[in-house]
Amino acid sequence: MRIDDYSVRTATPADLAPARAVMLDTVYRDFGTGYVPRWHGDIIDLAGAYVDPARHTLLVAVDAEGEVVATGALDSRGPAHPPNPAHVAERYPSGVTAQLRRVYVRPEHRRRGLARRLVDELMVFAVADGGYRSVYLHTDPAVTGAEPFWRSLAKVVHDEREDHGGGQGIVHFDVPLG
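A brief look at the structure comes next.

Procedures and definitions
Residues numbered from 1 in each chain as written. Predicted model: local features only at pLDDT ≥ 70, side-chain atom pairs only at ≥ 80, totals over all residues. Heavy atoms only, no water. Helix = DSSP H or I, 4+ residues; strand = E, 2+ residues; numbered from the N terminus. Buried < 20%, exposed > 50% of the residue type's maximum accessible area, 1.4 Å probe, protein only. Pairing = 2+ DSSP bridges. Axes fitted to C-alpha atoms, helices over the stretch in contact; angles between N-to-C directions. Contact = heavy atoms within 4.5 Å. Core = buried A, V, L, I, M, F, W, Y, C linked by side-chain atoms within 4.5 Å. Parallel < 35°, antiparallel > 145°, perpendicular 65-115°, else oblique. Nonpolar A, V, L, I, M, F, W, Y, C, P; charged D, E, K, R; others polar. Left-handed = near helix turned anticlockwise from the far one by under 90°.

### Structural notes on the environment of Val124
So, point 1. One can find Val124 in helix α5 (residues 114-129).
So, point 2. Owing to a relative accessible area of 52%, Val124 belongs among the exposed residues under this scheme.

Here you go:
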């Protein structure tokens, strides 16, 4: 399939269960952690986390057969401290920070530009909102391809692997807004 064979849209109620499946498959397969409520609670309540709040959104990429094969979300919650470093939480306060979340692509659909297309659409949403001053995300560099992908789009603001003891090993990014 080519990138033109997919459509990206705001998730509908019918998309929530398949989007949740993409996300849960990712946390089990790629993260190796499985579902951890304090980290992944939004996955269970996608409507409450991304669909219902006015300044949040959930996008899905759908293949030619109508199957949800990728997800991307944005919310207005900045990174919390703890577990994130205090200076990162202070730099990206809730309400004025758009946080990119759950940009996941099923393995058989990767390397086709879907993640970049989802991020582009999420950035359009953030700019159109008018109330965001910055865009933040964090990633686990142990996930294959995640760190190089985000480095191609964003600037590292903190790499926990450089902390004494390695922190959680998470890399925090600032994405240019506009």
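### Points about the sheet that holds strand β2 (residues 57-62)
So, point 1. Read from one edge to the other, the open sheet built from seven strands follows the order β1-β2-β3-β4-β5-β7-β6, with strand pairing classed as mixed. The sheet terminates laterally at β1 (7-10) and β6 (155-159), the two strands that pair on one side only. When the angles between neighbouring strand axes are averaged without regard to direction, this sheet yields 25 degrees.
So, point 2. Packed onto the sheet, helix α1 (residues 16-29) meets β2, β3 (68-75) and β4 (97-105) and runs at close to 90 degrees relative to β3.

### Observations concerning unusual backbone geometry
So, point 1. Of note, the amide linkage connecting His81 to Pro82 takes the cis form, showing an omega dihedral of -20 degrees.
So, point 2. As for its placement among the helices and strands, Pro82 is situated in the loop between β3 and α4 (86-91).
So, point 3. Backbone torsion omega between Pro82 and Pro83 reads 15 degrees, so that peptide bond is classified as cis.
So, point 4. The backbone of Arg102 shows a phi angle near 55 degrees, a positive value even though the residue is not glycine.
So, point 5. Locating Arg102 in the fold gives a position in strand β4.
So, point 6. You will see that Arg111, though not glycine, has its phi angle at about 65 degrees, which is positive.
So, point 7. Relative to the helices and strands, Arg111 is located in the loop between β4 and α5.
So, point 8. The exposure class assigned to Arg111 is exposed, which follows from its relative accessible area of 86%.

### Quick look at the environment of Pro107
So, point 1. Within the secondary structure layout, Pro107 lies in the loop between β4 and α5.
So, point 2. Expressed as a C-alpha distance, the spacing of Pro107 and Gly178, which sit 71 residues apart in the sequence, is 30 Å.

### Considering the nonpolar core
So, point 1. Core analysis: the largest hydrophobic core is formed by 28 residues, its most contacted members being Leu74, Leu100, Leu114, Val119, Val135, Trp150 and Val175.
So, point 2. Of all the secondary structure elements, the ones that give two or more residues to this core are β2, β3, β4, α5, β5 (134-139), α6 (146-153) and β7 (171-175).
So, point 3. When residues in this core are grouped by element, the largest group, seven residues, is from α5.
So, point 4. Excluding residues that lie within four positions of it along the chain, Leu114 makes contacts with Ile3, Tyr6, Ala61, Val69, Ala70, Val105 and His109.
So, point 5. Within the second largest apolar cluster, 16 residues are counted, among which are Ala11, Ile43, Leu58 and Ala73.

### Some thoughts on the packing of α1 against helix α2 (residues 37-44)
So, point 1. Packing of α1 against α2 brings their axes to within 9 Å, and their N-to-C directions diverge by 160 degrees. In this view, α1 runs roughly antiparallel relative to α2, as classed from their interaxial angle. Facing Arg20, Met23, Leu24 and Val27 of α1, the residues of α2 in contact are His40, Ile43 and Ile44.
So, point 2. Taken together, the residues of the contact of α1 with α2 break down into five nonpolar, one polar and one charged.

### Quick notes on the packing of α5 against α6
So, point 1. Two elements in contact, α5 and α6, have axes separated by 12 Å at closest approach and are oriented at 45 degrees. Between α5 and α6, the angle falls in the class oblique. The two elements α5 and α6 cross, and the hand of that crossing is right-handed. Contacts from Ala115, Arg116 and Val119 in α5 reach Phe149, Trp150, Ser152 and Leu153 in α6.
So, point 2. Tallied by class, the residues present in the contact of α5 with α6 amount to five nonpolar, one polar and one charged.

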